[in-house]
Structures are given as C-alpha cells and as structure tokens.
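# Breakdown of the fold
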Amino acid sequence: MGVGILPEKAATERQPQQRRSRSVGQLWEIVPIVFGIIWLIVAFYPVLYMFMTSLRPLADFFTDVPWLPPTHPTLSNYGDILANDFGLYFANTAFVTVISVLLIVVVSLFASYSISRIRNGFTQGVFSLFLVGLAIPLQATIIPIYAMITNLHLYDTLFALILPSVAFGIPLSVLVLVTYIRDIPKELHESMLLDGASHFRILRSLVMPLSRPAIITVVIYETIQVWNGFLFPLVLTQSASVRVLPLALWSFQGQYTTNVPAILAAVFLSATPIILLYIFGRRQLLGGLVAGFSK
C-alpha cells in the first residue's frame, strides 16, 4: 500500500510547481505586450500633441493644459495656413515626390534585375559603382550639383529637385531590390527563358509580382526622403512659386513666430501623407527590409 501511494503523492507535489511555471510563462508573455503599449504611447504622443495643439486658439495655447484636449477647439489655424499658399507648396512637393520616386523605382528595378540575373563583369562593376554611391555624402556634392543644375538652366525649377533626388535615391534602392530579386528561384527564371519569354516579360510577369514587398519598401523609404528633403530646395530654388513644404515650414516659422498652433497645423498637414503611407504599407515595409538579409 505504501508503495502505491508514492506516485500519487509525487503527482500532487508537482501540480503546484506546474501552476507556478504556467504563471511565470504567462507573465513573460505579458511583459512584451506591456512594453509594446508603452512604446506605442511614447511614439504616437508627439503626433497626438501636434494635432491637439493645432486645434487650440492662440489665446488658449498659453492657458490650456498641454497634454489634454483643447478647451475650445477651432480650425482657424488650418484656415490661416491654407490661405498662405499651403496648397501650392503641397502640390509642388507632391509633384517632385511622385516623379522622383517613379524614376527611382523604374531605374532601380531594371538595374537590379540585370545585376541579379545577367551575371557578368559589366553588371557586377555597375553594382559596385552603385555601392560606392552609398558612401558619398549628400552635403559634399552640393556645390557640383549646383553648378550642373545651373549649366542645365534648371535652377529655380522643380526639375532641379527631381534630378539629384533620383541620383541619390537609386543606390540604396538597387541594394534592396538586388538582395530581394536574388532570392527568387532561378528555376522559374530559366523555365521562362526556355519558353521563349523576353527579359522584359520576365521582369513584368515574374520579378515584379514576387518583389512587391521590396518595391513597396523602396517606395515608402524614398517617398519619405524626397518629401522631407531640405538641402536641395534650399540651394537649388528661391522663388515662392516652386517652394516645397520643408522650405514652406521654415518660412511659416518666421511668419508665425509666436503662433505655435498655426505652425503645428502646417506641420501636421505636411506629415499626414507620410504617416498614412507608413500605416498602410508597414507590413510590406518590414518584409522588404528583412527579406534576403538572413542569408
């Protein structure tokens, strides 16, 4: 009888230990969630603060509690900003960004496909040249770029911003796309070649659909870079008719020196497209950034 009781006693003693183990495991599962919520609050609060402050009248800005919603919300700050040619600056920025990103994606996609699938000395030399471009700081080239743009008679035009933006956006885009395209099985590429498909058809029907995460990554990253670019507009333009948002925010800061809510209204309007782009493309962005780098 004594021998038969021992297993039951041992099982009874193990039950509290198993419950404690499950409790510890559940606690460690909760910890990342808590830290994630804290990080979300820390990261999102500046956007929320910017939006709430942009809705405050100037008089309430000095009396309201900063981290609470406005007492008397108003859209007058947005009206003042829109009345000062904000729509023109927004349209100029959108034009430069769309054309620049489109050219970057097209050129980088063709170059990346050639480097990944046409393996010879020329394509590898071109790839090495693109990698060298990553090491060239933008600030070190601003004087030669200014001279070239002036000689091309493009100074003080929107195209003066597009050309250097494309040139500096291509190297990193090629690196991301080459890394992703190389992971596409070669058997698919070779089978289409045997079926008589041209390289352009392979690029359109095979590479582009399978490289969608990497392409979206390039689009989001380069959109942010071009949209927020400040040095090129500062050096290569001077007229208000070709002013883009980064320079416009700078001028608004001087115009609305004491009107902080109006300045934050302009900042919020200029940042909204980038925030929405990241929200809708964040999964593809993360997939494109990590794809291929594990090998």
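Residues numbered from 1 in each chain as written. Predicted model: local features only at pLDDT ≥ 70, side-chain atom pairs only at ≥ 80, totals over all residues. Heavy atoms only, no water.

### Considering the UniProt feature "transmembrane region" (unreviewed entry) in the protein chain
Rules: UniProt positions are given in the numbering used here, feature names are shortened, and annotations may be inferred rather than shown by experiment. Helix and strand definitions follow DSSP, with helices as H or I runs of at least four residues and strands as E runs of at least two, each counted in order from the N terminus.
In the numbering used here, UniProt assigns the "transmembrane region" (unreviewed entry) feature to residues 27-52, 86-113, 125-146, 158-181, 202-224 and 262-280. The span residues 202-224 shows a helical share of 96% and a strand share of 0%, and its end C-alpha atoms are spaced 30 Å apart.

### Some remarks on the nonpolar core
What counts, and what does not: Definition of nonpolar core: a set of buried residues of the types Ala, Val, Leu, Ile, Met, Phe, Trp, Tyr and Cys, connected through side-chain atoms within 4.5 Å. Summary of the burial criterion: residues with accessible area below 20% of their type's maximum are buried, those above 50% are exposed, and those between are partly exposed, where the area comes from a 1.4 Å probe applied to protein chains only. Residue contacts are defined here by distance: any two heavy atoms, one from each residue, within 4.5 Å place the two residues in contact.
Val 174, Leu 177, Ile 202, Val 207 and Leu 236 are the most contacted members of the largest nonpolar core, which has 40 residues in total. Of all the secondary-structure elements, those providing two or more residues to this core are helix H4 (86-117), helix H5 (121-134), helix H6 (142-151), helix H7 (159-181), helix H9 (199-210), helix H10 (212-227) and helix H11 (231-236). Residue contributions to this core peak at 11 residues, all from H7. If near-sequence neighbours (up to four positions away) are discounted, Leu 177 is found in contact with Ser 108, Leu 109, Ser 112, Ala 214, Ile 215 and Val 218. Core analysis: the second largest hydrophobic core is formed by 16 residues, Ile 81, Trp 227, Phe 252 and Ile 274 among them.

### With respect to the packing of aromatic side chains
Keep this limit in mind: A pair of Phe, Tyr and Trp rings is counted when the ring centres sit within 6.5 Å of each other, with Trp represented by its six-membered ring. The angle between the planes then sorts it: under 30 degrees is stacked, over 60 is edge-to-face, the rest tilted.
With the rule as written, the count across this model stands at nine aromatic pairs. Aromatic side chains Phe 86 and Phe 90 sit 6.4 Å apart centroid to centroid with 35° between the ring planes, which places their arrangement in the tilted category. Of this pair, Phe 86 and Phe 90 both sit in helix H4, four residues apart, which is roughly one turn of that helix. When its relative accessible area of 29% is taken as the criterion, Phe 90 is described as partly exposed. Seen from their ring centres, Phe 110 and Phe 200 are 6.5 Å apart, and the 15° between their planes marks the pair as stacked. Of this pair, Phe 110 sits in helix H4 while Phe 200 sits in helix H9, and the two are 90 residues apart along the sequence. Owing to a relative accessible area of 41%, Phe 110 belongs among the partly exposed residues under this scheme. Three or more aromatic residues link up through ring pairs in this structure, and these residues are Phe 86, Phe 90 and Trp 227.

### Topic: the side chain of Asp 60
Stated formally: Asp and Glu are treated as the negative residues and Lys and Arg as the positive ones, with His and the ends of the chain left uncounted. One side-chain nitrogen of Lys or Arg within 4 Å of one carboxyl oxygen of Asp or Glu is enough to make a salt bridge. Residues adjacent in sequence count toward polar contacts only when both atoms are side-chain atoms; beyond that, a polar contact is any pair of N or O atoms within 3.5 Å, and within protein one must be able to donate a hydrogen and the other to accept it.
Considering the arrangement of structural elements, one finds Asp 60 in helix H2 (residues 58-61). No salt bridge forms around the buried Asp 60; measuring N to O, its nearest opposite-charge neighbour Arg 56 is 6.9 Å away. A polar contact is formed between the side chain of Asp 60 and the side chain of His 72, at a distance of 3.0 Å.

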